[in-house]
Every structure is written in structure tokens, then in C-alpha cells.
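Observations on chain architecture
Chain by chain, the residues run as shown.
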Number of protein chains: 2
Amino acid sequence: MLRTHTCGELRLSDINKEITLSGWVQKSRDLGGMTFIDLRDRYGITQLVFNEDWDKALCAKARQLSREFVLQVTGTVIERESKNKNNPTGEIEIKVTQLKVLNDAVTPPFTIEDDTDGGDELRMKYRYLDLRRNTVRKNLELRHRLAIETRNYLDSKNFLEVETPVLIKSTPEGARDFVVPSRMNQGEFYALPQSPQTFKQLLMVAGFDRYYQIVKCFRDEDLRADRQPEFTQIDCEMSFVEQQDILDTFEGLIKHLFKKVKGIDIPHLPHMTYADAMKYYGNDKPDTRFEMKFVELNDLVKGKGFPVFDNATFVVGICAKGAADYTRKQIDELTEFVKRPQIGATGLVYARYNADGTIKSSVDKFYNEEELKKWATAFNAEAGDLILILAGEKEKTQKALSELRLEMGSRLGLRDKNKYSCLWVVDFPLLEWNENDTNLLESYRGRWVAKHHPFTSPKPEDIGKLKSNPGEVRANAYDMVINGVEIGGGSIRIYNRELQAQMFDLLGFTKEEAQEQFGFLMNAFEYGAPPHGGLAFGFDRLCSLFGGSDSIRDFIAFPKNNSGRDMMIDAPSAISDEQLKELSITSTVK
Amino acid sequence: MLRTHTCGELRLSDINKEITLSGWVQKSRDLGGMTFIDLRDRYGITQLVFNEDWDKALCAKARQLSREFVLQVTGTVIERESKNKNNPTGEIEIKVTQLKVLNDAVTPPFTIEDDTDGGDELRMKYRYLDLRRNTVRKNLELRHRLAIETRNYLDSKNFLEVETPVLIKSTPEGARDFVVPSRMNQGEFYALPQSPQTFKQLLMVAGFDRYYQIVKCFRDEDLRADRQPEFTQIDCEMSFVEQQDILDTFEGLIKHLFKKVKGIDIPHLPHMTYADAMKYYGNDKPDTRFEMKFVELNDLVKGKGFPVFDNATFVVGICAKGAADYTRKQIDELTEFVKRPQIGATGLVYARYNADGTIKSSVDKFYNEEELKKWATAFNAEAGDLILILAGEKEKTQKALSELRLEMGSRLGLRDKNKYSCLWVVDFPLLEWNENDTNLLESYRGRWVAKHHPFTSPKPEDIGKLKSNPGEVRANAYDMVINGVEIGGGSIRIYNRELQAQMFDLLGFTKEEAQEQFGFLMNAFEYGAPPHGGLAFGFDRLCSLFGGSDSIRDFIAFPKNNSGRDMMIDAPSAISDEQLKELSITSTVK
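Residues numbered from 1 in each chain as written. Chains lettered and ligands numbered in written order. Predicted model: local features only at pLDDT ≥ 70, side-chain atom pairs only at ≥ 80, totals over all residues. Heavy atoms only, no water.

1. Brief notes about the overall build of chain A
The helix and strand tally for chain A stands at 17 helices and 23 strands. When its C-alpha atoms are laid out on the principal axes, chain A stretches across 90 × 75 × 55 Å. For chain A, long-range pairs separated by at least 24 residues make up 66% of all intrachain contacts whose partners lie at least 6 apart in sequence. By element, 46% of the accessible surface of chain A is carried by carbon and sulfur atoms, the whole surface being about 23600 Å². Positive and negative side-chain charges of chain A, numbering 80 and 90 respectively, have mean locations separated by a distance of 3 Å. (Helix = DSSP H or I, 4+ residues; strand = E, 2+ residues; numbered from the N terminus. Contact = heavy atoms within 4.5 Å. Areas by Shrake-Rupley, 256 points an atom, 1.4 Å probe, with all protein chains shown as cover. Lys, Arg positive; Asp, Glu negative; His and termini not counted. Charge placed at Lys NZ, Arg CZ, Asp CG, Glu CD.)

So this is what it looks like as C-alpha cells:
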């Protein structure tokens, strides 16, 4: 080893030891005849000291070292005169006797500090320098720790980690696959898995009983802010279980992770139906760190001559506790907020419940004080509260009010990153109508698609409605939601060939398509398939949640940008004609 | 849960308990008025018993159950009359009171037994049934255990598991990449990593100090028996180390694995130079479970009128202890063996050192007894030994004799699968001349290629020969070899831009090609790169070694066949025109 110790471990108890350290120059200071250098490695920072009186040449050499030079130094541990209590090594320093420059460094394009001056693009391009920053490295250390603790927990519960293949078959089910041309099977393609779904189900058919994998998955979608073309899942499946067994097992996992990694005791996770989540939060992943539930007002507000409410199919509001003193300007901001195109409301109605007990609204022309009091009662509002109301088409209005609710939660300081509110959302619909999702292949638009995936079991009591009213069939499907983020989701699976075939039929597959793409799974169901179910956690998102960040990118060592490009290695890129020819493909791009 | 216990856990101490089990019918037997069913799950087998006297209808129902039906049964644990000491649950059985068929099963295409009647192709196609067999499942349980213990060891040594990207840039370096067309960056392609080599080096530049990953890698090569297009590596890298530090660390890993997983203490691993491995074993991955070293005979055998030896550039032999009594037929078999095209020798010369002290050879016409005695001395042969000699061009003859040595080792019972001989082979050549390796792109033939990879550091004392005599430059590269299998390999890396550029130049890259493909790495070396090195273990092969098998396929849940095809899901396959169009590619296959 080019060191006897790391830069994070020397203490007062090591005084007078002869040691060797290696690391990077974090910074250096010249003070009179002395030079101080902070030497950094992954484990910490240790101060080196050079003194002209001890060794003039060595001190001169030290003065020529710039930031990020790589050094190997030998010297003696001595006690510092002015101790730095903020640094675990801050009570000692190294009186250097030998100095070797292992490598020099040009000036980095941004500062290697917690608060850097580098912009996003620059830091992506020089990711190997960005990763030197404490904050970024700590994110990846957290990720490592979460992976270890996940494995510990699942191993203790008899789960086997099994690697499923990466080169599989394209079965787009609507979302786009990345594909890989095969050289040995010309004209044919592998696909990269969007999830190991069918393989983990086959492992259950194989009797593996409990499976997990921390595994890369791939989805060729138009990237939104918080998506990556390759992402990591904690993927799990269990046999001989009912829904509650899975919820219990993975509630156990999340409690274990919070306890081991953050020292936090999470209380029992409440269950909320999808229907309630939509009714009270307008959102299937409600942020339950705060209440501010939706109140539907149709009965109360219609027929009083206010055309906006009269013409709307849905009038719904929230009550922001203690926000009655919002100024006109603040309310205007909220109105602007809901009118932004991505939110799409046409306006905002408000009613202040003043401290003096009076209520003033933006629609006083149509509603008298008595009527407004009824509103207040509906919201359980008290003096000092602010009622905010949107109106329009139901689904759109729910979505807009959900955004406004989150905005008010943020403004009122109700979304503390260090507070965690976890729950299960259950009883999702089995299907949803796909009108125009551009992340699905065009041929999948204008038809029913699986809300979770085509292998999800409908609730037995709803199977009768599969033909007559597919939109109302509920699934044995569940999501774990923490602080308004969907952290994981799963379902009880179909394990019967006929029901699976019926499901593919409903999704618009011909018998031949279903057999060609998923015949292997349906065949497997004929050889003794056990009842089974599972779920997958989004590991990148779980890491960012634990790290208190909104961006998964901060928790991925080498992320891609919003165009799916790795800025550092400059991928994707053109490949040679020799490669294309061997793969029997040509590019249609000129 | 659809059970209170697994089929592997009930014991005498559970007598009289009311329990519920779920599992598969392994087999059933009707004996007079009783029916016995072996119920199987991952954890074991428990005997169920039905009796007409207890419940006639239930017994009749039990008689209709076929193999592989999935059952849920409730009943009472009772003591067996005739106990089965070979089964941990063999002292009890279940007096069944309730029986539910969770799923039925058609007859499997082969028997679900340790010794199955299913052929390879059939078992690949129905892999989910093959995985039900004890032997196959145990292989994957072993794999899980090895992964867990690998992580435990590396975690205890401060290694961080960091996930590197799967969608990277094509930098073929000779071997073929799998590529992935990009939809969002038309005309461009990602590649799947042959290894995370450059990323782990960048993590060292980033100061991560110790990295590992159990990671899928991909190589589009013409598949040989023991290769898979996707395979798993234990990939590791360390900073501020010299070669010996890496050898020590990973000798520690392999000892840990043998101890924890097999209960075996492995002695300190000897080091053998590549030159010695070739000289004494004709092979850079010598099976050192037995000696039988090569002895070179040029000086001893030339000039005696035997044209085969006189015309050969290289005459070399081995001494098979105690094989002097080999019959003519056995020796003919060996001659046939070395003359097989894949071995390619033209013939085999032998000399028997008989028990009576006489020596008889197949070339007595040219060599008298006195000369043959000198041969025997050269081999340290004793009465009872058999000397086997090959002659020809050096490299080819070494290779052929190495095969013969392994064959003799097998025939003499010297290659016990339960005995492990581990060593490091060190001082590999930096480069090798690639004449005609069809696993490399054509443009890489007829030139020097890196023996390990282009990032491997030459030995400092050999750098002077890089231009004058590249074939003689040794690298700081090493392989771990166990029982004649290369289990892992690695090197100390270049961490200096100029030397790396010189290396690319030597490998026939233009400056522009080097910059385009590896500019990100060479640039990174300018910002303070630490000395670093690492290695990767072939995890599939490690598992097969621990499992005592020659085939890695037995240790992969869903392997591909020799044409790179997944027989179960039938991949690769054609994709839709819609997909091709979106990816801006066309297939040139009609």
C-alpha cells in the first residue's frame, strides 16, 4: 500500500507515530515560514505541515503543489496547536519528512467543494471530478448502505437473489423497449428488460418461493426530469401469499431501512384505497405529511348564478390552515400558479375566514356570508384559514388542485424533508384507457392498457365486470408512497392460463400475438403455478428520498442527461460500417 | 400466508400441532386404504397421509392428484411409524383434514428428479421445470450464498459497490460489442459493456478508493461450450496500491469464500510467472492439483537420426507416474487423442520405464537403452513410469502437451473435484500478436492487441522495449487460477496520459481514434489520477468451480444456448416494423 493510514483515521492517540498518507491536495496555505496542506481522500482530510526551519527544500517543494495534485507523504503525527473540532482528525497534523508527487493535476473546471461553482452540464461532463465532492460521494455511500441493508433484510427472510437475463425478448406492452441486434441470429433482436417481471414469475413456477434482485431495468421513453433510460429496481416476488403478506413483508423492509440507515422508527403504514387517494388528494401518490384534504362542493355552490361553478362538472377545494392573512399579491401568485399550462386551471376562487370571524371571498357577488359559512363548515375551517377552490372537468381539476395543495404545503412549511409519512395505496384500477400517451408505441393508443402490467390479478369479486365495465375492475395492486413519491408498487399475479389469456384479449392482443409474446408464461401456468405476487421498489428514487433530494440523478454514479446522453463518455455515438454490416442492419439516418 | 410452515421444517417436537402447508406433489403412493403424498417446496419434502377410515371422500380426492399439482393442506403433525432418517422431516407426517388444489398440472415433459430423463434442449425450453429439480436449485442457492459472502468480505474491507452504466459507448478494442440503437439520438448507438473497466478507473480518479460490483457484462462472440453472451463478474478496483496489495486482498476474498461456503482452509497462494507456467505446463492456467511438469528434450534427443525429432523445433515431454503398465490399446488411445484436429499433434512418442528397470520406447530404433536412461533422468522418472513426448513447432506443441497432461491427470485420478489448488500466475506479456482470432473484428487482425486490455501498465523496467520489442514487454498483470481454470484476472493500470497515449499508438489507434474513443479517460488522467489497479472474477465460473461442475450454464438461472438463444422465451426474435422505424434502422436480412 502506498499508505499506512487513510486521511480520516489519525487521532491524538497516534501522536509520534511514523506514518504514510496518500491523497489529493484539497487546499494549501502559506503562513510565514510554514506551509499547511489539507490532504484529502475518501475517508477524510488530514493537515500536513511543512516548516522552512525543518527542511527548506521540502517546504519549497510543498509550495509548488496545486489543488488536486496526488501526493504520498511520510512524516510524524504531532499535536496541533490550534485544534479544529469540526474535523475528526483536527487535533493532529503531520510533520512531513518525505513528499512524493504521485501525479500532478491541471486546474479543475469547477471547485471541488460542497458548494461548487460548476453548472449541471459541466459537472456531468467531468463527472469524475464532481464525484470527488463530499456531497456527491456521500450520496453514493448512502446508496451502497441501502443496498447492503436491503440484502441483509431480504436474506434474513429467506429471499434468494437470482440474476435474470438482460438480453431478452421484445414484448413492448405499449412502452418502448431498447433492442439489441443479434449477429448470430441475423434479422433478429434481443430487448433489454423493462423489468424482470416474467422471469420472476417463472421463478415462482419453478418453486423458488422467495426471489429478489437489485437489478438494472431499461425503458426507452421521452425523458422527463426525474427519469433515466436505465434505472435500478429492488425487484421481489413471493409464493403462497395473499396481498397482506406482501404488504407486511415490505413494510418490514422499509422500516428496517429507516431504522438501520437513518435511525428512524417508522410507524405502521396505513392503507388508503386508490379511490380515497383520488377523492381526498386528487393524486394516487398523496403527500400525507400534511392533511389539507379535498372537499367537494358541487352540492353547495351550484345554482347561485356564478357561471364558472354552474358550468363546471366538478368544484373542489382545500383549506389552508392559518393562511387567511395571505396578501392580494400572494393570492395572485397562486392564481398564476394554477393557470400555468402544465397545471391548466382557468382561475382560482378563494375565501378568507378572517380572524374576526367574517368571511370574504372572491365571489361575494354570488355567495352571501351565510352561504360562505356553509363552505367553511364543509371544510371544517376556523378563523384564520384560507379556502381555495378550483372548478372544471373532474380529472383535470383534481390534478390541478393536487398541485395547488402541494404548493400550499410547501409554502406553509408542511413538507419537511426530515419527516417521513409512509402509506400503502391499494385497490388500484386494473386498466386505464390510453388516449394519447406518447411514451407508448402509437399502436397502443386509443385502447385499454394495464394500469400496473398485464400480469396483475383482478380482484375476484370484480372479474364479472371484465367484459361489461373494464374501467371499474379493481386490481390486487398496491403502491408504497412516501412523502408524495411512489417508492414501490406491485400486485398479486394471475397464475391461471385462462384468466391470463382473457386479460391479453382485453388488452387487444390477438390469440396469436399473446401466444407469440407470452406463450412461455401461459404454458408455464399449466405445469403447476403457485399463487404468487410481488413488488418492485425504484431504488434510485428510494436513495434520493433517503438523501433528502428531489433528483435521482444525484444518486447515480454516471447518470444520463435529459436526451439520454452520457455527457462524459459522449454516448450514444456512431458505430463503424464494419459493425453495422456484421449486425445486418443499416441506419436510415443520412 | 397460504401456509403456517414450509415443507422442510416440521419435526417430532411439532407433534399434535395443527398446521397448514403448501407445495407441489412430488409423488404419491396408494397402500390399501391409505394414500401417501410427498409434498415438496424449496425447503424440503413432508409426507401427507390420507386414510379411508378417517375420511373416505378426502382420501378419494387425494388419489386423483398427479405429480406437480399445487396443494394447500391443513392437518395435524403425527409421528411416523416407519421413520425416514434421510429426510429431516422423516420422523413425522401430516394427517390431513383439509385439502385444496391451488392449481393443477399437466404431465411435465421430463421427470422432476435429481437424475432426470430430460435432454439438454428440452430442459432449456422448460427451464422453469428444470429449476424445480433439487440439484439445479441448489446451484442457484450456492450462487446466492457466494454473492452474499463476496459482498460481506468486500464491505468489511471498505469497498463500495457502485453501479456503472449498461448503456455506454462502443469501444470495441477488437472484441465485438452488442449495440443498442438510440431512438432519441438517431443514427447513434449505445453499446453494452464488455466490462466496466473505464468506469471503475474513473471512480478511482474520483477518489472512491475501493470499488466493487457484481455486474453483468456482455460480449458478442462466437460461443464456445463454456461461454455465454451475458456473464457476471465480481469487478473490483483499488487506489494507492501495488500489485502485491491486490493479490493479498483477493487471496483474502477467495480464502473467505472457501471457508464460509465450503468450510475449507485454502493455503497461501503461490505465485508462478507466466513464463514458468508456459515452460512447465504449456498453459497460462495450469492445473496444479498434480505435478507432471514439462521437460524439454531438444538437447537430449536431437542428432540421433530420428527425423521427427530432428526436424522439430521443440521436443517436450511429461512423465506419467505409475503408468508404465499402460496397454498398447491405451497408448493408441492417447495417440488418437493428441492427433485430434483440435489438438493437432502428428504423433506421440513414449518410453516405458518398466518395473524391472528396463526402458522400452516407441523409438528404440534410434535411441539405445543408455540414451533412454538419460531421458528418464531428465524426467526424474522411476521404474513404473510412462514418458510421453511430443515434437513440433513450439507453441502448438506446448498446447498439445498441455492437453495430453490434463488427459493423463484425469485418467490417473489426479483431478479430484473436491481438491482445490489455487495460485497466482503473474508477469503476463503486455501484448500478443493477433493473427486470426475470429472473435475480434476483422480490422483488428494482423496487429498487436492487448493481452489483458489497453489500460494495463507495462512493468516499468520493460517500458524501454515498448517500441523495439513489444512482444517481450511484461505487464503488471495477474490471473488467479484454480484447478486449471482462470477464475479471475487483473492488472495495475496506466494512470498517466502520455503512457496511455503511447499504448494506444502501439495498438494501432490513430491519435484521433484514441481521443474519440477514450479521450474521456485520458483527459481524466490530467486531473490528478492516483496509482490504481484491480481485477475481475468470472462469477459464473467461480460458482461452477464451487459447485464441482464444468459447465457455467448449470449455475445461471436462465442461460442461453450455443447460438446465443434463450430457448424458453425464444429470443432473439423479429421486432415490428413500427419499432425499426422509430429506431431509424432497417434490417438487411431478406
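Further notes follow.
2. Comments concerning the sheet that holds strand S3 (residues 44-51) of chain B
Note on sheets: strands pair through backbone hydrogen bonds, and any given pair is parallel or antiparallel. Read around the closed barrel, the 5 strands follow the order S1-S2-S3-S5-S4 (chain B); overall the barrel is mixed. Direction aside, the axes of adjacent strands within the sheet are offset by 55° on average. (Pairing = 2+ DSSP bridges. Axes fitted to C-alpha atoms, helices over the stretch in contact; angles between N-to-C directions.)

3. Some words on the pairing of strand S16 (residues 386-392) of chain A
Residue and element names in this part refer to chain A. Across the 7 residues that make up S16, a large majority, 7, are buried. By the alternation rule, side chains of S16 split into Leu386, Leu388, Leu390 and Gly392 and Ile387, Ile389 and Ala391, which are all buried. Looking at chain direction, strand S13 (residues 314-320) and S16 are connected through 7 bridges and run antiparallel. Bridged to Val315 within S16 is Ala391. For strand S14 (residues 349-353) and S16, the ladder comprises 4 bridges, and the chain directions are antiparallel. Along S16, the bridge assignment pairs Val349 with Ile389. (Buried < 20%, exposed > 50% of the residue type's maximum accessible area, 1.4 Å probe, protein only.)

4. Section: the relation of the copies chain A and chain B
Each of the two copies of the chain can be brought onto the other by a rotation about an axis and a shift along it. In the superposition of chain A on chain B (RMSD 0.1 Å, axial shift 0.0 Å), the rotation amounts to 180°. With respect to symmetry, the two chain copies, as superposed, fit the operation of a two-fold axis. The residues that chain A uses at the interface reappear at the interface of chain B in 100% of cases, marking a shared surface. (Least-squares fit on C-alpha atoms with pLDDT ≥ 70 in both.)

5. Re the pattern of salt bridges
A complete count under the given rule lists 104 salt bridges over all chains for this structure. Note that Arg123(B) and Asp120(B) form a salt bridge whose closest N and O atoms lie 2.9 Å from each other. Of this pair, Arg123(B) and Asp120(B) are both found in helix H2 (residues 120-125), 3 residues apart, which corresponds to roughly one turn of the helix. One salt bridge in this structure joins Glu161(B) and Arg151(B), with 2.8 Å as the shortest N-O distance. Taken as a pair, Glu161(B) in strand S6 (residues 160-161) and Arg151(B) in helix H4 (residues 134-156) lie far apart in primary sequence, 10 residues in all. Like Glu161(B), the residue Arg151(B) is buried in the burial classification. Here the residues in one salt-bridge network are Asp120(A), Arg123(A), Arg127(A), Asp130(A) and Arg133(A), joined through shared partners. (Salt bridge = Lys/Arg side-chain N within 4 Å of Asp/Glu carboxyl O.)

6. Comments concerning unusual backbone geometry
Here the amide bond leading from Ala571(A) into Pro572(A) is cis, since omega sits at 0°, within 30 degrees of zero. Mapped onto the secondary structure, Pro572(A) falls in the loop between helix H16 (539-546) and helix H17 (577-582). With a phi close to 70°, Asp209(A) is a non-glycine residue in the positive phi region. Residue position: Asp209(A) is located in the loop between helix H5 (197-205) and strand S9 (210-218). Residues other than glycine seldom take positive phi values, yet Asn380(B) does so here, at roughly 55°. Turning to its location among the elements, Asn380(B) is positioned in the loop between helix H11 (369-379) and strand S16 (386-392).

7. Side note on the side chain of His532(B)
Residues and elements named next belong to chain B. Mapping His532 onto the fold places it in strand S22 (residues 532-538). On the basis of relative accessibility, which here comes to 1%, the residue His532 falls in the buried class. Side chain to side chain, His532 and Gln201 meet in a polar contact 3.1 Å long. Reaching out from His532, the side chain makes a polar contact with the backbone oxygen of Pro530 at a distance of 2.8 Å. Ignoring any residue separated from it by four or fewer positions in sequence, one finds His532 in contact with Gln201, Met204, Glu237, Met238, Ser239, Ile492, Arg493, Ile494, Tyr495 and Phe525. (Polar contact = N/O pair within 3.5 Å; in protein donor to acceptor, adjacent residues only side chain to side chain.)

8. Focus: the packing of helix H5 (residues 197-205) of chain B against helix H15 (residues 511-524) of chain B
Residue and element names in this part refer to chain B. Interaxial distance between H5 and H15 falls to 10 Å at its minimum, and their mutual angle equals 20°. Compared by their axis directions, H5 and H15 come out roughly parallel. In the packing of H5 onto H15, the handedness of the crossing is left-handed. Residues Thr198, Gln201, Leu202 and Val205 of H5 form the contact with H15, whose participating residues are Phe518, Phe520, Leu521 and Ala524. For the contact of H5 with H15, the class distribution of residues is 6 nonpolar, 2 polar and no charged. (Parallel < 35°, antiparallel > 145°, perpendicular 65-115°, else oblique. Left-handed = near helix turned anticlockwise from the far one by under 90°. Nonpolar A, V, L, I, M, F, W, Y, C, P; charged D, E, K, R; others polar.)

9. A few points about the packing of aromatic side chains
If you walk through the whole model with that rule in mind, you get 48 aromatic pairs over all chains. Residues Tyr274(B) and Phe428(B) carry aromatic rings whose centres are separated by 5.1 Å and whose planes lie at 45° to one another, so their mutual orientation is tilted. Taken together, the positions of Tyr274(B) in helix H7 (residues 274-281) and Phe428(B) in the loop between strand S17 (422-426) and strand S18 (431-434) put the pair 154 residues apart, joining distant regions of the chain. Take Tyr274(B): its relative accessible area is 19%, and that puts it in the buried class. Taking the ring centre of Trp54(A) as reference, the NZ or CZ of Lys95(A) above it sits at 4.6 Å. The ring of Phe290(A) has Arg405(A) lying over it, and the distance from NZ or CZ to the ring centre is 4.0 Å. (Phe/Tyr/Trp six-rings, centres within 6.5 Å; stacked < 30°, edge-to-face > 60°. Lys NZ or Arg CZ within 6 Å of the ring centre and 35° of its normal.)

10. What about the domain arrangement of chain A?
Interface size is commonly expressed as the accessible area that is lost once the parts come together. Taken domain by domain, chain A consists of domain 1 (12-103), domain 2 (138-272 + 424-555) and domain 3 (290-415). The C-alpha centroid of domain 3 of chain A is placed 37 Å from the C-alpha centroid of domain 2 of chain A. (Domains from an automatic or database assignment.)

11. Side note on helix H14 (residues 497-506) of chain A
Given 3.6 residues per turn, any residue in an α-helix points the same way as the ones three and four places further on. Residue and element names in this part refer to chain A. Buried within H14 are the following residues: Leu499, Gln500, Met503 and Phe504. For H14, the arc enclosing every buried residue in end-on projection is 140°, short of the 170-degree limit, so these residues lie on one face. On the buried face of H14, the contacting elements are strand S18 (431-434), strand S19 (447-450), helix H13 (465-468) and helix H15 (511-524). Between the side-chain oxygen of the N-cap and the backbone nitrogen of Glu498 there are 2.9 Å, and the N-cap of H14 in question is Asn496. Phi turns positive one or two residues past the end of H14, at Gly508, with a value near 90°. (Arc of directions from axis to C-beta.)

12. Things to note about the pairing of strand S21 (residues 485-492) of chain B
All names here are of chain B. Across the 8 residues that make up S21, a large majority, 6, are buried. The pairing of strand S20 (residues 477-482) with S21 spans 6 bridges and is classified as antiparallel. Considered in S21, the bridge of Val481 is made with Glu486. From the end of S20 to the start of S21, which pair antiparallel, there are 2 residues, and Asn483 there has a positive phi angle of about 50°.

13. Some remarks on the environment of Gly347(A)
All names here are of chain A. Here Gly347 lies in the loop between helix H10 (328-339) and S14. Of the residues examined, Gly347 reaches a relative accessible area of 25% and is grouped as partly exposed. Taking the C-alpha atoms as reference, Gly347 lies 57 Å from Gly207; in sequence the two are 140 residues apart. Sequence-distant contacts of Gly347, defined by excluding residues within four places in its chain, comprise Val338, Lys339 and Leu390.

14. Comments concerning the interface of chain A and chain B
In this complex, chain A contributes 129 residues to the contact, which on the side of chain B involves 129 residues. Together chain A and chain B conceal approximately 11400 Å² of surface at their shared face, both sides included; 59% is due to carbon and sulfur atoms. When the area that chain A buries against chain B is broken down by residue, the three leading residues are Glu163(A), Phe240(A) and Tyr527(A), summing to 8%. At the surface where chain A touches chain B, the tally comes to 69 residue pairs in polar contact (both at pLDDT 80 or more). (Buried area = accessible area lost by both parts, 1.4 Å probe.)

15. Some thoughts on helix H1 (residues 56-63) of chain A
All names here are of chain A. Every buried residue of H1 is accounted for by Leu58, Cys59 and Ala62. Considered in projection along H1, the buried side chains sweep an arc of 100° and stay on one side of the axis. Exposed side chains of H1 directed beyond 90 degrees from the buried face belong to Lys56 and Ala57. Check the buried side of H1 and you find it contacts strand S2 (34-41), strand S3 (44-51) and strand S5 (92-103). With a side-chain oxygen lying 3.2 Å from the backbone nitrogen of Ala57, the N-terminal cap of H1 falls on Asp55.

16. Notes on the environment of Ser361(B)
Residue and element names in this part refer to chain B. You can see Ser361 is positioned in strand S15 (residues 359-361). Residue classification places Ser361 among the buried residues on the basis of a relative accessible area of 9%. For the pair formed by Ser361 and Leu372, sequence separation is 11 residues and the distance between their alpha carbons is 7.9 Å. In this structure Ser361 touches Tyr350, Ala351 and Leu372, once residues within four positions along its chain are discounted.

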